[in-house]
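# Structural description and commentary
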Amino acid sequence: MEFFLIYANRQKDRELAVTGRIRRYLEDRGRQVAVRTGQDVPTGDSPAADCMIVLGGDGTVLQAVRETGNLHIPIIGVNLGTLGYLTEIEPAHLEESLERLLLGEYEQENRMMLSGRVFLLEGGTKEDWALNDIVISRSGSLQIIRFHIYVNGQFLNSYDADGMIVTTPTGSTGYNLSAGGPLVEPGAKLILLTPICPHSLNQRSIVLSSEDVVEIVIPQGRDGMDQKVEANFDGSHVIRLGTGDRIHILRSEKTMEFIRLNHVSFLETLHRKMSN
């Protein structure tokens with residue numbers, strides 16, 4: 001690896017102290033380094049980096065993926081947050097980890113992503129993609145959402161709930177986990193559906209094939225009321241829906257490459273993170 005892009009979160013790396021530490025280490029060893037923070041990201045015309053080092057927590061990794069996804073740069077995260085399921089390097093082992101990176105002592109892990117396309121009742125479509133999850137939740141006043149779910153065109157179930165999380169294995173440690181959904185090995189290829197606070201005792205998460213197509217239809221609410229909801233992609237981009245609108249969610253053609261330095265299993269990592 002010769003050219004590195006450092007994506008730094010100024011709120012996590014105040015004064016860019018860790019950023020400077022990484023930059024000096026790499027440049028002292030003859031590597032080229034570019035630094036980006038916040039919205040200051042390279043365009044598609046920028047020279048392709050061999051690796052993007054993301055400084056922050058899981059939220060920063062998701063932001064970096066969204067803002068540089070079209071550059072197809074393998075990612076490795078430095079955990080400056082709390083749990084950091086998407087990050088690989090702890091600051092205490094920074095130089096050791098960078099040296100292993102330069103020596104090629106790593107593996108690359110391909111992660112699936114989701115694509116969501118909204119079909120509006122009034123005509124037209126909108127679409128976006130997500131590495132972690134697409135969350136269908138209420139918009140505006142507190143209310144229960146009623147929605148119908150189809151899989152591959154076949155009716156699955158109707159829900160009255162606060163929302164629905166459609167997640168990848170990578171996203172299983174995020175909102176899905178908080179909502180009581182299962183944890184999944186991040187390299188797996190499948191889609192999870194987890195209702196948010198369902199108003200029923202027998203509605204639980206559903207595991208689907210990565211080849212399945214999920215359709216969520218927004219019908220009229222209670223007493224024929226119009227419903228207003230939103231589809232949130234990785235917690236950052238929102239598409240609004242209303243009664244009569246629907247969204248198709250399926251495996252995206254996009255993928256994301258994560259660099260792995262630690263030869264430990266997902267279960268070992270999970271145990272360490274959850275014991276902190």
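Everything here concerns the structure above.
Just so you know, these numbers come straight off a predicted model, no measurement behind them.

This paragraph deals with the environment of arginine 146. Along the chain, the position of arginine 146 falls in strand β8 (residues 145–151). Arginine 146 sits 74 residues away from glutamine 220 along the chain, and the two C-alpha atoms are 7.5 Å apart. Beyond its immediate chain neighbours, meaning those up to four positions away, arginine 146 contacts Tyr159, Asp160, Pro219, Gln220, Arg222 and Gln227. Within the structure, the side chain of arginine 146 is placed 2.8 Å from the side chain of aspartate 160, a separation counted as a polar contact.

Our focus in this paragraph is the packing of helix α1 (residues 17–27) against helix α3 (residues 94–102). Where α1 meets α3, the axes come as close as 11 Å, and the angle between the chain directions of the two elements is 40°. Put simply, α1 runs oblique to α3. Here α1 and α3 pass one another in a crossing that is right-handed. Residues Val18, Arg21, Ile22, Tyr25 and Leu26 of α1 pack against Leu94, Glu95, Leu98, Glu99 and Leu102 of α3.

Moving on, we come to empty space enclosed by the protein. Evaluation of the coordinates by the stated rule reveals two cavities of 30 Å³ or more. Quantified by volume, the second largest cavity comes out at close to 40 Å³. Tallying contributions element by element places strand β16 (residues 246–260) first for the lining of the second largest cavity, with three residues. Taken together, the residues of the lining of the second largest cavity break down into three nonpolar, three polar and one charged.

In this section: the pattern of salt bridges. Enumeration according to the criterion identifies 14 salt bridges in this entry. When the shortest N-O distance is used, the salt bridge between arginine 260 and glutamate 88 registers 3.6 Å. In this pair, arginine 260 sits in strand β16 while glutamate 88 sits in the loop between β4 (75–79) and α3, placing the two residues 172 residues apart along the sequence. Across this residue pair, the class does not change: arginine 260 and glutamate 88 are buried. A salt bridge links glutamate 105 to arginine 100; its shortest N-O distance comes to 3.8 Å. Take glutamate 105: its relative accessible area is 39%, and that puts it in the partly exposed class. Among the ionic contacts, a cluster of salt bridges with common partners joins Glu88, Glu109, Arg111 and Arg260.

By convention here, two paired aromatic rings are described through the distance between centres and the angle between planes. In total, this model carries two aromatic pairs according to the counting rule given. Ring geometry for phenylalanine 147 and tyrosine 159: centres 5.8 Å apart, planes at 20°, overall stacked. Of the two residues, phenylalanine 147 sits in strand β8 while tyrosine 159 sits in strand β9 (residues 154–161), which places them twelve residues apart along the sequence. By the burial criterion, phenylalanine 147 is buried, and tyrosine 159 matches it. Judged by centre distance (5.4 Å) and plane angle (65°), the rings of tyrosine 150 and phenylalanine 155 are edge-to-face. The ring of tyrosine 25 has arginine 29 lying over it, and the distance from NZ or CZ to the ring centre is 3.6 Å. Note that arginine 111 overlies the ring of phenylalanine 258, its terminal NZ or CZ placed 4.5 Å from the centroid.

The strand order β12-β11-β10-β7-β14-β15 describes an open sheet built from six strands, whose pairing is antiparallel. A single partner strand is all that each edge strand has here, and the edge strands are β12 (206–209) and β15 (237–242). Between one strand axis and the next, the sheet turns by 20° as a mean value, whatever way the strands run.

With that out of the way, let us pick up the pairing of strand β1 (residues 3–8). Taken residue by residue, a regular strand's side chains alternate between the two faces of the sheet. Counting buried positions over the six residues of β1 gives six, a clear majority of the element. Residue alternation in β1 divides its side chains into two sets, Phe3, Leu5 and Tyr7 and Phe4, Ile6 and Ala8, and both sets are buried. Note that β1 and strand β2 (residues 32–37) share six bridges and pair parallel. Bridge pairing links phenylalanine 4 to valine 33 in β2. When β1 meets strand β3 (residues 51–56), the two strands line up parallel, connected through five bridges.

Within the span of α1, buried status applies to Val18, Thr19, Gly20, Ile22, Tyr25 and Leu26. Here the buried face of α1 lies against β1, β2, β3, β4 and α3.

What follows covers the nonpolar core. Counting residues in hydrophobic clusters, the biggest one holds 28 residues, and the most contacted among them are Ile134, Phe147, Ile216 and Ile247. With four residues, β8 is the largest single contributor of residues to this core. Those residues in contact with phenylalanine 147 that lie beyond four places of it in its chain are Asn157, Ser158, Tyr159, Ala161, Gly163, Met164, Ile216, Val217, Ile218 and Pro219. Membership of the second largest hydrophobic core comes to 21 residues, among which are Tyr25, Cys51, Ile76 and Leu94.

The rules behind the values
Residues numbered from 1 in each chain as written. Predicted model: local features only at pLDDT ≥ 70, side-chain atom pairs only at ≥ 80, totals over all residues. Heavy atoms only, no water. Helix = DSSP H or I, 4+ residues; strand = E, 2+ residues; numbered from the N terminus. Contact = heavy atoms within 4.5 Å. Polar contact = N/O pair within 3.5 Å; in protein donor to acceptor, adjacent residues only side chain to side chain. Axes fitted to C-alpha atoms, helices over the stretch in contact; angles between N-to-C directions. Parallel < 35°, antiparallel > 145°, perpendicular 65-115°, else oblique. Left-handed = near helix turned anticlockwise from the far one by under 90°. 1 Å grid on protein atoms, 1.4 Å probe; cavity = no way out; pocket = protein on both sides within 12 Å on 5 of 7 lines; lining within 4 Å. Points joined across faces, edges and corners; volume = space filled by probe spheres on them. Nonpolar A, V, L, I, M, F, W, Y, C, P; charged D, E, K, R; others polar. Salt bridge = Lys/Arg side-chain N within 4 Å of Asp/Glu carboxyl O. Buried < 20%, exposed > 50% of the residue type's maximum accessible area, 1.4 Å probe, protein only. Phe/Tyr/Trp six-rings, centres within 6.5 Å; stacked < 30°, edge-to-face > 60°. Lys NZ or Arg CZ within 6 Å of the ring centre and 35° of its normal. Pairing = 2+ DSSP bridges. Core = buried A, V, L, I, M, F, W, Y, C linked by side-chain atoms within 4.5 Å.

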